[in-house]
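Reading the structure
Chain by chain, the residues run as shown.
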Amino acid sequence: MSDDTTESDVSLLGDARKPLGRVVATERKPNTPHEFHFWTALESPVGIGTIVRVDGRQPVNGQIPRIYGVVVEGFGYTDLVSPLHDVLSHDGQPASAGFASSDRAEIRLYTAAVLRQIPEEPLQPVPMGDVYLALAEDVNVALRMDGYLREGESTGIPIGVYRAGGTDATIYLDADFLVGPEAAHLNITGVSGLATKTSAVEWLLASLFQHFPATHGSIAAVCFNVKGPDLCFLDQPGKLDEGDLRLYQQMGVPAEPFRDVQYYAPYRARGYSLNTLRSNEALSANVSPLTWGLREVLQFAEVLLNRDDIDAKADALIDFITRNVLDQQFTDSMLQRTHVVQSFADLEDWFKDVLHGLEHGNKESWRTHHVATIRKVRNRLSNIAVRCAGLVTDNGPVSDLPFGAFQDRATYVIDVANLEEDAQDLVFARVVSKLREHLERRDLGVRHVVVFVDELNKYAPGDAPDTYVRKMLLDIAERGRYLGLVLFSAQQFRSQVHRRVVGNSGTSVFGRMDADELATPGYSVLSPAIRTKLATLEKGQLMIRHPHFTQPIFVRFPRPAVMTGRTGAEQYPQAGELGLEESVYRSLRRLDPSITLNQVQDAVGIHEERDILRACTLTQQERPSDVLGAFRRHLPRLVGGSLPKPQRAVPALSVLRGDDPYGS
Amino acid sequence: MSIDALRAVRAFLPDAELIDDPGARDELRAGAYDEQPQVVYTPCLEESTLRAHRVPGDPTVGFAAFLDGIQRVHIVSHLHGVPIIEGIVAAVVRVRVNRRFVTWGHRTPIVHRRLYVPFSFLPEPPPARVHGFDVVDTSSDAGEPIVLSRHPAALRATAFDRIGRDRERAEREMAELWCHSSDGDPIYIDGSISGQGRAAMAPCAVGVVKSHTKLYADDRALDVVMTLRRGERTSVFELRSSTRPTVMSWYLRLRDPRGHDAMFGLVRVEVTLDTRDVTRRADEVSRWVLAEASPIALPDGRWDRMAYGIRDCEEFLRAIAS
């Protein structure tokens, strides 16, 4: 008996070792090398998705052929030629059918798609033979998992459990085909609202972190939380029932939340508090701001500017600024002073100086750039800080993901759920580009990164104009596996995602599907029965396509051991909009719980808002032992930092004398 | 026609002419070829004259099993007009378990494949068994030679008759075994039980005859039979024979004959002779037979008289004896 088989299954397995069906072939329904038909008893446990084994009778090249197949279609019928005959049988009274002495002869006829034939050559039509329910060891062979589950060099990543009859077999994906280098990427499709897509990805990440072979190096995940609180509580325990716990145990994955999770979110537009649903103070320890300055943004200006803006002239000016102006001393005979552009505010000063020079000199161009182009680029770039307020700081400090110091088995969640579309695009583009840069240089900190992006219908649609984000997703899908950059993506309508994104996904996962979606041509390769099963799939069930599996396989997976977004939002309600001092107080108290609001208020004093936020962010990045001292140190000194000297009293010209009120 | 049968004929009659398309003839009744329609007087057992009786009570499921046999005939070849005939006879008991039919586990179905040949018209007698086929001499019966016409049609008729008798023998073997081993559970036998040997004397055996070439009623009694309404039976009468056990019988109308032939839904039931409380016995068995009118045996052409259990037996035998 297999290790995957429980004691309670013994009786069922007893049946599994007897034939449950027989292969049949007729001229109208012949068997082929890829498909065969068999019948079973009415009470047999066979259903759509069941894996079966056929033992042939005649040896081929001295070996008895053994064929594995998965049931893809089922038929049932009686010897009734016309429905009218049944009406006649019961005098048109359905109720009287229950009193009939006998039931009609009935058949259960199934069609199975071949998963594997042994021997594999010569490839012949499936022979007549007895059909058996596949046991756990049969499932391993049928799905070619025996090739990558070898003792000591296994690259198997459990994705779920296949159950049929008494068989209870763990299904593994091959890490080499999930994370690379052979194939890579995973795409998941399913209707919204059943918590299938997010749950499946959370479960698979947990399994991947647990079972990713040490020989393949380190791995981390970057998840974009694009809606609601879905991914906001990955480090909090969720509710699991006994069935879930059994599945975790069977698949060797600890039933616990992610251990190392870091959250990143931009500020709200006012810049006081983070723009995330994970803003409850109790969970703030691993939440960091995500703020970028001019340098970070300018490289991806294309993301924020529409194609009409970025003509060749504007592109040339932006390139000039990036190469010659940014982060260096810039002098020009036309300018009034030397500029060091490090922020949007600096850039605005630089533009003003350039335009002033042009106007003053009555010139139409400067360094081949026409004044109209300069005005247009100034207008568009200056606008970015407003459009992406909270993410892009005018002249504040930069707070970014720890590129270069990524930790093995760590999860980095970037909450962009509340950002405007432009800002979301910017985040995607920059983070993924940075990941790719570092992976190319092998200095990210980990060797592989899984990037999870939901809502591909929005970010990589098949029939919309090309965008920077879509190009970037295509780039990951097509070239990421060579770098260790792996895309886990999800969407509701696979048919409406760019074909090259889903087509490059080595592994495809399907939850319950919408019937309209299943009617699209992409699903025509599935049998009607498989499509029906997909349309009625219950929670916790998935259909898997993987390079090693020649046919889709249905599996069950446990609920993720993390708190659901809905529960988390109820248990840890979002903090309200805070005032400036309160916001700084909460940020600093995370570093030093002894700090009081009064101390913060004293330190803040009459400083400018942007200076206070800058000091707060720098202090958080620095994480000093003397938090309050560091905060004060980062605040700019106030001009004329001494009190005015007390004025000497000036005596009156004369002293009133006695009772003469008018003086002398 | 099977390849095996052709091989067998080739083995002992290499000069025989093979018939390309002999066609298959399913003959389900013995003696179907020469029986002439006739009306026969029989003494009434239940009362003085044959009358119609409404069967009291609702139809009741009483049969535990069904027995039927088939015969298949193929003219494989001929030697100067002498037909070489492949005959397959088979019989089975199908028991009802949870309203579904399964083959009786006590006895596997009987299936015989034989070649029927008039040895006297062959140059030399063939071996008794060739390529898995028993070879039967139709020019002798029980070891005694019989005089046959050389006319091919007459030779064919003799072979068909022999095949029919072999089928009856197979059915009788099954029926006797059931009556001996089944604790007396009632069995529905397709056709007369009077030829079923010891089974004809077993209370558990009920024969239901669908064909009425011979009608056991005359004059006014025939009017009673022809005007039976659905759920009615005739009085019980006695069938005596010098060669077969005496049984008691009655006609029963299973379906409403309005708009149909006068024989529509008409069957004749046979049970072993038991003169104790004949009416109660006839009513009880009639209720059992009426219960088998559903489900209907369509698409069989005899569906109005055939029980579904018998159709199941025939389908089963066709599947294994093809």
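Model, not experiment: these values are computed from the prediction.

The rules behind the values
Residues numbered from 1 in each chain as written. Chains lettered and ligands numbered in written order. Predicted model: local features only at pLDDT ≥ 70, side-chain atom pairs only at ≥ 80, totals over all residues. Helix = DSSP H or I, 4+ residues; strand = E, 2+ residues; numbered from the N terminus. Rg over C-alpha atoms; globule rule 2.2 N^0.38 Å. Buried ≥ 20, exposed ≤ 12 C-beta atoms within 10 Å, placed from the backbone. Contact = placed C-beta atoms within 7 Å. Axes fitted to C-alpha atoms, helices over the stretch in contact; angles between N-to-C directions. Parallel < 35°, antiparallel > 145°, perpendicular 65-115°, else oblique. Left-handed = near helix turned anticlockwise from the far one by under 90°. Nonpolar A, V, L, I, M, F, W, Y, C, P; charged D, E, K, R; others polar. Domains from an automatic or database assignment. Expected span 1.5 Å × (residues − 1). Pairing = 2+ DSSP bridges. Core = buried A, V, L, I, M, F, W, Y, C linked by C-beta atoms within 7 Å. pLDDT = per-residue confidence, 0-100.

1. Some thoughts on the overall build of chain B
For chain B, the helix and strand inventory stands at five helices and 19 strands. Relative to its length of 322 residues, chain B is compact, with a C-alpha radius of gyration of 21 Å against a globular reference of 20 Å. Taken over the C-alpha atoms alone, chain B extends approximately 65 × 45 × 40 Å along its principal axes. Burial analysis of chain B (322 residues in total) assigns 44% to the buried set. Put simply, of all contacts in chain B between residues at least 6 apart along the chain, 65% involve residues at least 24 apart.

2. Some details on the overall build of chain A
Counting its regular elements, chain A contains 22 helices and 22 strands. What you see for chain A is a C-alpha radius of gyration of 34 Å, clearly larger than the 26 Å of a compact globule of 664 residues, by over 25%. With the C-alpha coordinates aligned to their principal axes, the bounding extent of chain A is approximately 140 × 65 × 60 Å. In chain A, buried positions account for 43% of the 664 residues. Counting contacts in chain A only where the partners sit at least 6 residues apart, residues at least 24 apart contribute 74% of the total.

3. Comments concerning the environment of A:Phe212
With respect to the element layout, A:Phe212 can be found in the loop between helix H5 (196–211) and strand S10 (219–225). Non-local contacts of A:Phe212, meaning those with residues more than four positions away in its chain, are made with A:Ile157, A:Ala175 and A:Ile219.

4. Observations concerning the environment of A:Ser207
Residue and element names in this part refer to chain A. Tracing the chain through its elements places Ser207 in helix H5. We classify Ser207 as buried; it has 23 C-beta atoms within 10 Å. Setting aside residues up to four positions removed in sequence, Ser207 forms contacts with Ile157, Pro158, Ile159, Met251 and Val253.

5. Things to note about the packing of helix H19 (residues 580–589) of chain A against helix H20 (residues 597–604) of chain A
Residue and element names in this part refer to chain A. Contact geometry for H19 and H20: axes closest at 9 Å, N-to-C directions at 120°. As far as their axial angle goes, H20 and H19 are oblique. For the pair H19 and H20, the sense of crossing is right-handed. Contacts between H19 and H20 involve Glu581, Val584, Tyr585 and Leu588 on the former and, on the latter, Leu597, Val600, Gln601 and Val604. Across the contact of H19 with H20, the residue classes tally to six nonpolar, one polar and one charged.

6. Regarding the domain arrangement of chain A
Parsing chain A into structural domains produces domain 1 (18–88 + 104–134), domain 2 (171–273 + 402–567), domain 3 (295–387) and domain 4 (578–634). Relative to domain 4 of chain A, the C-alpha centre of domain 3 of chain A lies at a distance of 34 Å.

7. A word on the interface of chain B and chain A
Between chain B and chain A, the residue contacts involve 16 residues of the former and 12 residues of the latter. At the level of secondary structure, the elements contributing two or more residues to the side of chain B that touches chain A comprise strand S7 (100–103) and helix H5 (308–320) of chain B. With four residues, H5(B) is the largest single contributor of residues to the side of chain B that touches chain A. Classifying every residue of the side of chain B that touches chain A gives eight nonpolar, two polar and six charged.

8. Considering helix H21 (residues 609–622) of chain A
Residue and element names in this part refer to chain A. Counted at 1.5 Å a residue, the expected span for H21 with its 14 residues is 20 Å, and the 20 Å between its end C-alpha atoms agrees. Taken together, the buried positions of H21 are occupied by Ile612, Leu613, Arg614, Ala615, Cys616, Thr617, Thr619 and Gln620. Residues of H21 that are buried make contact with strand S12 (287–289), H19, H20 and helix H22 (627–634). Phi for Arg623, located one or two positions after H21, is positive at around 50°.

9. Some thoughts on the pairing of strand S2 (residues 35–40) of chain A
Residue and element names in this part refer to chain A. Here strand S1 (residues 21–24) pairs with S2 via four bridges, running antiparallel. Paired with Val23 across the strands is Phe38, a residue of S2. Bridge analysis of S2 against strand S5 (residues 106–118) gives six bridges, and the strand direction is antiparallel. Looking at S5, one finds that Phe36 is bridged to Ala112.

10. With respect to the nonpolar core
By size, the foremost hydrophobic cluster in this structure holds 161 residues, and its most contacted members are A:Ile51, A:Ile414, A:Leu426, A:Val449, A:Val451 and A:Leu473. Residues B:Ile85, B:Val89, B:Ala91 and B:Cys204 belong to the second largest nonpolar core, which totals 87 residues.

11. Some details on unusual backbone geometry
Glycine aside, residues mostly have negative phi angles, and peptide bonds mostly take the trans form. Of the consecutive residues B:Ser294 and B:Pro295, the connecting peptide bond is found in the cis state with omega at 0°. As for its position among the elements, B:Pro295 is in the loop between helix H4 (278–291) and H5. Following B:Leu298, the chain continues into B:Pro299 via a peptide bond in cis, with omega recorded as 15°. The backbone phi angle of A:Asp327 is positive, close to 60°, even though this residue is not glycine. Tracing the chain through its elements places A:Asp327 in the loop between helix H9 (312–325) and strand S13 (329–330).

12. Notes on the packing of helix H12 (residues 421–441) of chain A against helix H14 (residues 468–483) of chain A
Residues and elements named next belong to chain A. Running from N to C, H12 and H14 point in directions that differ by 20°, and their axes come no closer than 10 Å. If you check the angle between H12 and H14, you find them roughly parallel. By crossing handedness, the relation of H12 to H14 is classed as left-handed. Counting all contacts with H12, which are made through Asp425, Phe428, Ala429, Val432, Ser433, Arg436, Leu439 and Glu440, the residues of H14 involved are Tyr468, Val469, Met472, Ile476 and Leu483. Its residues assigned to classes, the contact of H12 with H14 comprises nine nonpolar, one polar and three charged.

13. Details of the environment of A:His370
All names here are of chain A. Residue placement: His370 occurs in strand S16 (residues 369–370). The class for His370 is partly exposed, based on 15 C-beta atoms found within 10 Å. Remark: the alpha-carbon pair of His370 and Leu317, spanning 53 residues in sequence, is separated by 9.5 Å. With sequence-adjacent residues up to four places away left out, His370 is seen in contact with Lys313, Glu364 and Ser365.

14. Observations concerning the sheet that holds strand S6 (residues 129–133) of chain A
Around the barrel, six strands lie side by side as S1-S2-S5-S4-S3-S6 (chain A); this closed barrel has antiparallel pairing. Here the average twist between neighbouring strands, direction ignored, is 40°.

15. Concerning H5(B)
The terminal C-alpha atoms of H5(B), which comprises 13 residues, lie 19 Å apart, in line with the 18 Å expected from a rise of 1.5 Å per residue. Contact partners of the buried residues in H5(B): strand S5 (65–79), strand S6 (82–97), S7 and strand S13 (187–190) of chain B.

16. Quick look at the confidence of the model for chain B
Residue and element names in this part refer to chain B. Per-residue pLDDT for chain B has a mean of 88; in total, 95% of the residues score no lower than 70. For chain B, per-element mean pLDDT is lowest for strand S2 (residues 25–26), which scores 50, and highest for strand S16 (residues 232–234), which scores 97. Overall, residues 26–33 carries pLDDT values under 50, and its contacts beyond four positions in sequence, including any with other chains, amount to 17 contacts. Interface confidence in the predicted complex, given as ipTM, is 0.76; pTM for the same model is 0.79.

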